[in-house]
There are 2 protein chains.
Amino acid sequence: MNYEKEMKERTAYAEECIRRLLPEDRNMIGHLTEAMRYSVTAGGKRIRPVLMREAYILLGGSGEEIAYFMTAMECIHTSSLIHDDLPAIDNDELRRGVPTTHAKYGEALGILAGDALLNYAYEILIKGVSVASDRENAVRTAAIIAGKSGYDGMLGGQGVDVENEKTGIQADRADMLKYIYKKKTAALIEASLMAGGALAGADERILASLEAIGERLGLAFQIQDDILDVTSSTEVLGKPVFSDMENRKETYVSLMGLGPAGEKVRTLTEEAVELIDELPGDTAFLKEMFLRLAVRRK
Amino acid sequence: MNYEKEMKERTAYAEECIRRLLPEDRNMIGHLTEAMRYSVTAGGKRIRPVLMREAYILLGGSGEEIAYFMTAMECIHTSSLIHDDLPAIDNDELRRGVPTTHAKYGEALGILAGDALLNYAYEILIKGVSVASDRENAVRTAAIIAGKSGYDGMLGGQGVDVENEKTGIQADRADMLKYIYKKKTAALIEASLMAGGALAGADERILASLEAIGERLGLAFQIQDDILDVTSSTEVLGKPVFSDMENRKETYVSLMGLGPAGEKVRTLTEEAVELIDELPGDTAFLKEMFLRLAVRRK
């Protein structure tokens, strides 16, 4: 398997779906749809849609309707990035080297572009349900995506993260950090893999496996991020190191130490690889993607 | 018909559905679900869910699944109010006499509570689809609600309104004002009536009628608001009059004059009453509700 070539092809497919299914910026008053397109097409790696389609294909899916769900997932993810970047939350003016949505279109339209993308995710998801060959599978898929994105999923994790940073929260530090990582980072990864499986008609046992794989990928990715922040260099990472420490941000490394954090990434990786091995079909690409995302050097 | 009694009963039913179906605030870290419940239960009049159920019953619907769609609509509406009140948009600290969500929970959590309510609207809407007796009708209903709420509906109107206020937009003033009123105010009223009809299995002709009724109600309500701002008194309205003029806000009155604005409300009302008369069932309540909302004195 030529991983780079495979990844490029899969990303290109996701990119094509997303661009085709986003609202066109035509005959509209104002800049809302322009801001929506700008945000989604500003250089995302499309990891979630690629994971979703990979699970879909592994579980025997072959319909075109996956494109709607892939686009919905990327819109939800982008919506959360736009709002995360707002002055009241992370106050970031740049993302991937280009101005963030509110930096380019103003704060008010930044808020509304995030809202409109979140809403659009569900417009396109419901469209996916209405064209799906198996309506039952599609409704189950929609429920998974919505649940993992909401108050008990990604947005729940964002809420705790933000509240902890702004005002502090009374809770066990390790429990809280695990909650944030599991919800804020892992929930949409879990949702992507599970959605692909559910749309292809996978049973509950397989969905539980996909969820467990997604959770481990999300946690490992986040902990590796913490590790690189204190072990890498600005040259290799392309962003400032020791930033967590300077921002007094609690991480797995600050809470558990570098050794145990590295051990945690190894354990999560081993568990995930075992779970991936049990999936049907040719899992070589998914395994390689997992390893490259979790055990990365930058 | 005792309108007050009927309205009280219908509102109480909507209130009960909404409170029952909102996420519980139990075993959660932080205050996100508390903020979500706070925002939705802070004194809304439940006009949209009441309209939705009225259309549902008129068109022969009798299932309990309407509760999910009513709750979804109120969550979408509340989400838009929370974000409208944010410092970057209208900067309102009070709504219906109580602190707005961001005033009570901070700006960051205000943004996320709005997001979480918008997402929750779709969690509960998809739940409604999955339990609906007629899956086809339910998917059609979901598509109507999502479409009318998004970039080409309510959020589109919000976007233009906000952009026009913050930076100005190059467009014909009357066209733009009509766009804002139609999308920002009327779209969710249209969606509510149409959703009730669609869930009950109404045909396209009836849905078009419900849409036209909703549009007229939304526009008449908004224009009457403009009229009252310059003809009523602070005592009667319970809010400052001449506020639009002081904020140099363009309205139907400033654009067309008081006489033509009043004439417009009358025309919209007559058209809507004719359309309501053509609906099946006992339309007395809907007609009375329309008249009280459109031709109100405060």
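A brief structural summary.

What counts, and at which threshold
All residue numbers refer to positions counted from 1 along the written sequence of the respective chain. All chains are assigned letters beginning with A, and all ligands numbers beginning with 1, in the order in which they are written. Side-chain atom pairs in this predicted model are given and counted only at pLDDT of 80 or more, local residue features only at pLDDT of at least 70, and totals for whole chains, interfaces and linings cover all residues. Under the scheme used here, helices are H or I runs from DSSP no shorter than 4 residues and strands are E runs no shorter than 2 residues, and both carry numbers assigned from the N terminus. Here a residue counts as buried when 20 or more other C-beta atoms sit within 10 Å of its C-beta, as exposed when there are 12 or fewer, and as partly exposed otherwise, the C-beta atoms being derived from the backbone. The contact criterion used here is simple: two residues whose C-beta atoms, placed from the backbone, lie within 7 Å are in contact. All copies are superposed by least squares; the fitting set is the C-alpha atoms of residues with a pLDDT of at least 70 in both. Here the term charged refers only to Asp, Glu, Lys and Arg, the term nonpolar to Ala, Val, Leu, Ile, Met, Phe, Trp, Tyr, Cys and Pro, and the term polar to all other amino acids, Gly among them. In this analysis, the expected span of each helix is defined as 1.5 Å times one less than the number of residues it contains. By arc we mean the arc of the directions from the helix axis to the C-beta atoms, nothing more.

Quick word on the environment of Gly-106 of chain B
Argument step 1. Within the element layout of this structure, Gly-106 of chain B appears in the loop between α5 (101-105) and α6 (107-131).
Argument step 2. On the basis of neighbour counts, which here come to 19 C-beta atoms within 10 Å, the residue Gly-106 of chain B falls in the partly exposed class.
Argument step 3. The residues touching Gly-106 of chain B, leaving out its near neighbours within four places in the chain, are Lys-166 and Thr-167 of chain A.

Some points on the relation of the copies chain A and chain B
Argument step 1. Least-squares fitting of chain A to chain B yields an RMSD of 0.0 Å, with the superposition described by an axial translation of 0.0 Å and a rotation of 180°. Such values leave the two copies arranged in the relation of a two-fold axis.

Re the interface of chain A and chain B
Much of the literature gives interface size as the accessible area that the parts lose upon coming together.
Argument step 1. Counting residues at the interface gives 49 residues for chain A and 49 residues for chain B.
Argument step 2. For the side of chain A that touches chain B, the secondary structure elements donating two or more residues are α2 (32-40), α6 (107-131), α7 (135-149), α8 (154-166) and α9 (173-199) of chain A.
Argument step 3. Considering each element in turn, the side of chain A that touches chain B owes the most residues, 15 residues, to α6 of chain A.
Argument step 4. When its residues are assigned to classes, the side of chain A that touches chain B shows 29 nonpolar, 14 polar and six charged.

Quick look at helix α8 (residues 154-166) of chain B
All names here are of chain B.
Argument step 1. Given a rise of 1.5 Å per residue, 13 residues ought to cover 18 Å, and the 18 Å separating the end C-alpha atoms of α8 matches this to within 8%.
Argument step 2. Among all positions of α8, only Met-154, Leu-155, Gly-156, Gly-157, Gln-158, Gly-159, Val-160, Asp-161, Val-162, Glu-163 and Asn-164 are buried.
Argument step 3. Trailing α8 by a residue or two, Gly-168 shows a phi angle of about 80°, which is positive.

A look at the environment of Lys-182 of chain B
Residue and element names in this part refer to chain B.
Argument step 1. Here Lys-182 shows up in helix α9 (residues 173-199).
Argument step 2. Note on Lys-182: 18 C-beta atoms within 10 Å, which makes it partly exposed.
Argument step 3. As a C-alpha pair, Lys-182 and Leu-86 span 96 residues in sequence and 23 Å in three-dimensional space.

What about the environment of Gln-222 of chain A?
Residues and elements named next belong to chain A.
Argument step 1. In this fold, Gln-222 is placed in helix α10 (residues 204-231).
Argument step 2. Put simply, Gln-222 and Val-265 are 43 residues apart on the chain and 9.3 Å apart in space, counted from C-alpha to C-alpha.
Argument step 3. Look past the residues within four positions of Gln-222 in its chain and what remains in contact with it is Tyr-181 and Thr-185.

Focus on helix α14 (residues 258-277) of chain B
All names here are of chain B.
Argument step 1. Counted at 1.5 Å a residue, the expected span for α14 with its 20 residues is 28 Å, and the 29 Å between its end C-alpha atoms agrees.
Argument step 2. Those residues of α14 not exposed but buried are Ala-261, Val-265, Leu-268, Ala-272 and Ile-276. Looking down the long axis of α14, one finds its buried residues gathered within 70° of arc, a one-sided arrangement. Of the residues in α14, the exposed ones pointing more than 90 degrees away from the buried face are Gly-259, Pro-260, Arg-266, Glu-270, Glu-274 and Asp-277.
Argument step 3. Taken together, the buried residues of α14 touch α10 (204-231), α13 (252-256) and α15 (284-294).

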